[in-house]
Amino acid sequence: MPEISVIVPVYKVQEFLPACLASLTGQTFRDFELILVDDGSPDECGALCDAWAGRDGRIRVIHKQNGGLSSARNAGLEIARGRYIAFVDSDDLVTADYLETLHTAITREQADMAIGAVEDVDEQGASLPTPALTTPMEEGTFSGRSLLSCLYSPQATYYTVAWNKLYAAGLWKSLRYPEGLNNEDDAVAHRLLLASGRVACSGRVVYHYRLRPGSICRTGLSPSSFDAADALCDRYEFFVARGLPAELQDRALAACWRRYLSLSAQAGQQPADEALRTRWQQVQVRMRPLAGAAARCRLLPLPVRAQCLRQALKKI
């Protein structure tokens, strides 16, 4: 069995996929399988996946109907055989020692998760004129529970995203990404951290995140934009259900209301769009029971608390 399973969802990235696969097959750490999940891509991605599999026996390919990023990741998890799991987005690049660095950290520290730093690169894969790095609050090994507050720090991306990490496969035994929703990382990051006894955090850059205007997270307001507020609301409810500290609950509550208020303000300025309005209404229904807690939240200024109440009752 391979030591690591690397899962790569693939959809409409034929321009960038070869560079991504070259960076993965050229790893200094060799004991891994590479699972390419062709998520019904309408371009040449499926053929590219098959061609690369024909050249490298470590590559396995799944061809499936389009179901979105979460569905593709989950499909990869279903067949993964590795002791550890990693995710890579198919338009990004990894350093040659990506797997070696994370594997060394997770085994040396007997951790459940290892995390590395991220560098943003331009569409051609080159460093930006002013380097843009996503690094940890602090390097070292910590309990996952102690890192939950980092989800609300300026470095939150480091702890939230799926793809700069190596996970013990056991973390995924009963956990999957929510299908049909964007912001899937926000929906699972807290669950992964709380389940991790030890997390090794490194400031070494292992991942190059390609900035593309057309990527999912860089498009304008749409009905799926409200998935972000939905995921943050779920996180708050998760913290409450598990009796986590009140300060952490307040951070989670303030974050989900701020995101919802921001999205509502943007939606209110958009031309009439039935799909957007419907999704807005759905999330409002979920937020409405949290209006009372918002009125007591110490991290929200009084004017914002009043705004929460108004938005909860507003007719959309």
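Quantities reported herein were computed from a predicted structural model and do not represent experimental measurements. (Residues numbered from 1 in each chain as written. Predicted model: local features only at pLDDT ≥ 70, side-chain atom pairs only at ≥ 80, totals over all residues. Heavy atoms only, no water.)

Draft legend 1. Just the environment of Leu-48, in detail. In this structure, Leu-48 sits in helix H2 (residues 45–55). Each C-alpha atom of the pair Leu-48 and Gln-155 lies 35 Å from the other, and the pair is 107 residues apart in sequence. (Helix = DSSP H or I, 4+ residues; strand = E, 2+ residues; numbered from the N terminus.)

Draft legend 2. Quick peek at unusual backbone geometry. Backbone geometry places Lys-12, a non-glycine residue, at a positive phi of 50°. In this structure Lys-12 comes out as partly exposed when scored by relative accessible area, which is 49%. Residue Gln-110 is not a glycine yet carries a positive backbone phi of 50°. Here Gln-110 is to be found in the loop between helix H4 (98–108) and strand E6 (113–121). (Buried < 20%, exposed > 50% of the residue type's maximum accessible area, 1.4 Å probe, protein only.)

Draft legend 3. Seen up close, the pattern of salt bridges. Under the defined criterion, the tally for this structure stands at 22 salt bridges. Two residues, Glu-78 and Arg-176, come together in a salt bridge whose shortest N-O distance is 3.1 Å. One end of the pair, Glu-78, is in helix H3 (residues 69–79); the other, Arg-176, is in the loop between strand E9 (165–168) and helix H6 (184–195), with 98 residues separating them in the sequence. Notably, a salt bridge pairs Glu-274 with Arg-277, separated by 3.2 Å at the nearest N-O pair. Taken together, the positions of Glu-274 and Arg-277, both in helix H9 (residues 274–287) and three residues apart, correspond to about one turn of that helix. Take Glu-274: its relative accessible area is 55%, and that puts it in the exposed class. Classification of Arg-277 by relative accessible area gives partly exposed; the value is 27%. (Salt bridge = Lys/Arg side-chain N within 4 Å of Asp/Glu carboxyl O.)

Draft legend 4. Up close: the packing of helix H8 (residues 246–268) against helix H11 (residues 302–313). Where H8 meets H11, the closest approach of the two axes is 11 Å, and the angle between their N-to-C directions is 60°. By the angle between their directions, the pair H8 and H11 is classed as oblique. The way H8 lies across H11 gives a crossing that is left-handed. Contacts between H8 and H11 involve Trp-257, Tyr-260, Leu-261 and Ser-264 from the former and Val-304, Gln-307, Cys-308, Gln-311 and Ala-312 from the latter. (Axes fitted to C-alpha atoms, helices over the stretch in contact; angles between N-to-C directions. Parallel < 35°, antiparallel > 145°, perpendicular 65-115°, else oblique. Left-handed = near helix turned anticlockwise from the far one by under 90°. Contact = heavy atoms within 4.5 Å.)

Draft legend 5. Looking closely at the nonpolar core. Core analysis: the biggest nonpolar cluster contains 63 residues, and Phe-87, Trp-172, Trp-257 and Tyr-260 have the highest contact counts within it. Per-element tally for this core: the top contributor is H8, with ten residues. Among residues more than four places away in sequence, those in contact with Phe-87 are Ile-7, Arg-73, Leu-77, Tyr-98, Ala-162, Trp-163, Tyr-167, Trp-172, Tyr-177 and Tyr-207. Counting residues in each nonpolar core, the second largest holds 38 residues, with Leu-99, Ala-105, Ala-114 and Ala-200 among its members. (Core = buried A, V, L, I, M, F, W, Y, C linked by side-chain atoms within 4.5 Å.)

Draft legend 6. Representation of the packing of helix H7 (residues 227–241) against H9 within the structure. Across the interface, H7 lies against H9 with an axial gap of 10 Å and an inter-helix angle of 15°. Between H7 and H9, the crossing angle belongs to the class labelled roughly parallel. Where H7 crosses over H9, the handedness of that crossing is left-handed. Of H9, the residues touching H7 (which contributes Asp-227, Ala-229, Asp-230, Cys-233, Asp-234 and Glu-237) are Arg-279, Val-283, Arg-286 and Met-287.

Draft legend 7. Representation of H3 within the structure. Counted residue by residue, H3 has eight buried out of eleven residues, so it is predominantly covered. Listed in full, the buried residues belonging to H3 are Ser-70, Ser-71, Ala-72, Arg-73, Asn-74, Ala-75, Gly-76 and Leu-77. Contacts from the buried residues of H3 go to strand E1 (4–10), strand E2 (32–39), strand E3 (59–64), strand E4 (84–87) and H6.

Draft legend 8. Spatial organisation of the pairing of E1. Among the seven residues in E1, seven count as buried, and that is most of the element. Side chains Ile-4, Val-6, Val-8 and Val-10 of E1 all project onto a buried face; the interleaved residues Ser-5, Ile-7 and Pro-9 project onto the opposite face, where all are buried too. As paired strands, E1 and E2 are joined by seven bridges and run parallel to one another. Looking at the pairing, Pro-9 lines up with Val-37 of E2. For the handedness criterion, the β-α-β arrangement of E1, helix H1 (residues 17–25) and E2 is classed as right-handed. By the bridge criterion, four bridges tie E1 to E4 in an arrangement that is parallel. (Pairing = 2+ DSSP bridges. Right-handed = clockwise from strand over helix to strand, strands pointing away.)

Draft legend 9. How the structure looks around empty space enclosed by the protein. All told, the structure shown has one cavity of 30 Å³ or more when counted by the stated rule. If you add up the space inside the largest cavity, you get close to 40 Å³. Elements with a minimum of two residues in the lining of the largest cavity: helix H5 (156–160), E9 and H6. Sorting elements by how many residues they give to the lining of the largest cavity places H6 first, with three residues. Its residues assigned to classes, the lining of the largest cavity comprises seven nonpolar, one polar and one charged. (1 Å grid on protein atoms, 1.4 Å probe; cavity = no way out; pocket = protein on both sides within 12 Å on 5 of 7 lines; lining within 4 Å. Points joined across faces, edges and corners; volume = space filled by probe spheres on them. Nonpolar A, V, L, I, M, F, W, Y, C, P; charged D, E, K, R; others polar.)

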